[in-house]
Amino acid sequence: MSRTASVLTLPVSALRPGMFVLAIVRQLGQKEVATSGYLNSEQQIAELVAMGVQTVQICPTRSRKSTEQQVASEDSPQEKCRSEGNTLKIKRLYSEARELQEKLLSQLKQGEPIDVGPLAEVAEEMVDTMFTHGDAMLCLARIRAKDAYLMEHSMNVAILLANFGRYLGIERAILKELTLGGLLHDVGKIMTPNAILNKPGKLTDEEFAIMREHVVHSREILGQTPGITPVMLEVASHHHERMDGSGYPLGLSGDQLSLYSRMSAIVDVYDAVTADRVYKQGLQPTQAFRILLKGAADHFDGILVNQFIKCLGVYPVGTLVLLSNQRLALVIERNAEQPLKPKVKVFYHATARHYLDVKVLDLAKAGCSDTIESVVEPRDYGIELEPFIG
């Protein structure tokens, strides 16, 4: 949130009825929105969200309610995923890590020496944030661009490793190494030709052999980089190894694979299959769970697979679900005691096909009769989830 003496610049998720909008600052999409005047309802705000509006300027002195109080109330640290201040902090972290990754990859491509120190500091902050606002971190990890897969994938592997490690009770010092290892685990792909990296169809045997070499390149690059620990090297070197020895590049198996190697293999596959790519649609988390469970017989550590699924929950944070009353809702907080009843953010009517006043609903709360019917795809309803995160 930024401000001048008489103007506040707010993300659209912080808007409330009664505020006076001066101008649209940032929006997505082709249709230009030129809105000024009072916001009279949540429906009106939802329409702005639907049109891709992201940031607006408001006038506090002309607003009908105490804008300062409304904005301040949004910054309460007790409201996971609803806290604008915490969400903005997490988005800043995400953005900072992305920028550092881009810089690092650019330096590698130009043959320049790299310094992982700044990225290590971000990894440390990511782990600390995972302990205080883990669900908000996982929410953001579900939103990604199709044209930035390499960096988005590394980012999400890092977040998922931090979350998984926290669930397993791994000490913070190691969690920070796992997180930085996740951020760097695919750096060797800068040596892979883009034609192979982004090929929409099945790779030929020759192309797959070239693709597999990225793991070797990653180990070589990181092995020569100051500040890289054995744990980080394990994440980069072994995330394609499999329990039965069928993986690559070394064909390691069983006890040759450490806990961190086994965790990395699970997390890497989960994020890869749930990712939207330019040439394919990602799977739902529940479908990814089936793949992992099927592979638990030989490819993955079966005990760890079950723990990973319990860690994320039946309905992982960031999943869009259809409720029994035909409303669509975003899962924003897990419920460890009652996994089928997470906390959700309701914002759309699936049958009538229109936005609703945004409402946070705890499905486990006494008196709540709503239940989850199924997991659905945002694309099937023309919905972008990002405006509703926060």
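I will try to describe carefully the structure that is included in this document. (Residues numbered from 1 in each chain as written. Predicted model: local features only at pLDDT ≥ 70, side-chain atom pairs only at ≥ 80, totals over all residues. Heavy atoms only, no water.)

## Thoughts on the sheet that holds strand 10 (residues 372-375)
Within a sheet, neighbouring strands are paired by backbone hydrogen bonds and run either parallel or antiparallel to one another. In spatial order, the strands read 9-8-7-6-10; together these five strands make up an open sheet with antiparallel pairing. The outermost strands of the open sheet, each flanked by one partner alone, are strand 9 (354-362) and strand 10. Going from strand to strand, the sheet's axes swing by 30° on average, the running direction of each strand aside. Sheet topology places strand 6 (residues 320-323) next to strand 10; three bridges connect them, and they run antiparallel. Among the inter-strand pairings, Val321 is bridged to a residue of strand 10, identified as Val375. (Pairing = 2+ DSSP bridges. Helix = DSSP H or I, 4+ residues; strand = E, 2+ residues; numbered from the N terminus. Axes fitted to C-alpha atoms, helices over the stretch in contact; angles between N-to-C directions.)

## Concerning the packing of helix 10 (residues 259-274) against helix 12 (residues 302-312)
Running from N to C, helix 10 and helix 12 point in directions that differ by 55°, and their axes come no closer than 10 Å. Classified by the angle their axes make, helix 10 and helix 12 are oblique. As for the relative orientation of helix 10 and helix 12, their crossing is right-handed in sense. The residues of helix 12 that touch helix 10, namely those facing Leu259, Arg262, Met263, Ile266, Val267 and Tyr270, are Leu304, Val305, Phe308 and Leu312. (Parallel < 35°, antiparallel > 145°, perpendicular 65-115°, else oblique. Left-handed = near helix turned anticlockwise from the far one by under 90°. Contact = heavy atoms within 4.5 Å.)

## Considerations on the pattern of salt bridges
Scanning the entire structure with this criterion turns up 15 salt bridges. Two residues, Lys176 and Asp128, come together in a salt bridge whose shortest N-O distance is 4.0 Å. Taken as a pair, Lys176 in helix 6 (residues 172-184) and Asp128 in helix 4 (residues 117-141) lie far apart in primary sequence, 48 residues in all. Judged by its relative accessible area of 22%, Lys176 falls in the partly exposed class. Note that Arg379 and Glu377 form a salt bridge whose closest N and O atoms lie 3.0 Å from each other. Residue classification places Arg379 among the partly exposed residues on the basis of a relative accessible area of 33%. In this structure, a network of salt bridges that share partners links the residues Glu124, Asp128, Arg172 and Lys176. (Salt bridge = Lys/Arg side-chain N within 4 Å of Asp/Glu carboxyl O. Buried < 20%, exposed > 50% of the residue type's maximum accessible area, 1.4 Å probe, protein only.)

## Quick notes on helix 11 (residues 285-295)
Among the residues of helix 11, those classed as buried are Pro285, Ala288, Phe289, Leu292 and Gly295. Around the axis of helix 11, the buried residues are gathered within 130° of arc, so they sit on the same side. Opposite the packed face of helix 11, turned more than 90 degrees from it, sit the exposed residues Arg290 and Lys294. (Arc of directions from axis to C-beta.)

## Some remarks on the pairing of strand 2 (residues 8-11)
Going residue by residue along strand 2, you find Leu8 and Leu10 tucked away on one face and Thr9 and Pro11 tucked away on the opposite face as well. Where strand 2 meets strand 5 (residues 53-58), four bridges bridge the pair, whose relative direction is antiparallel. Bridge pairing in strand 5 places Pro11 opposite Thr55.

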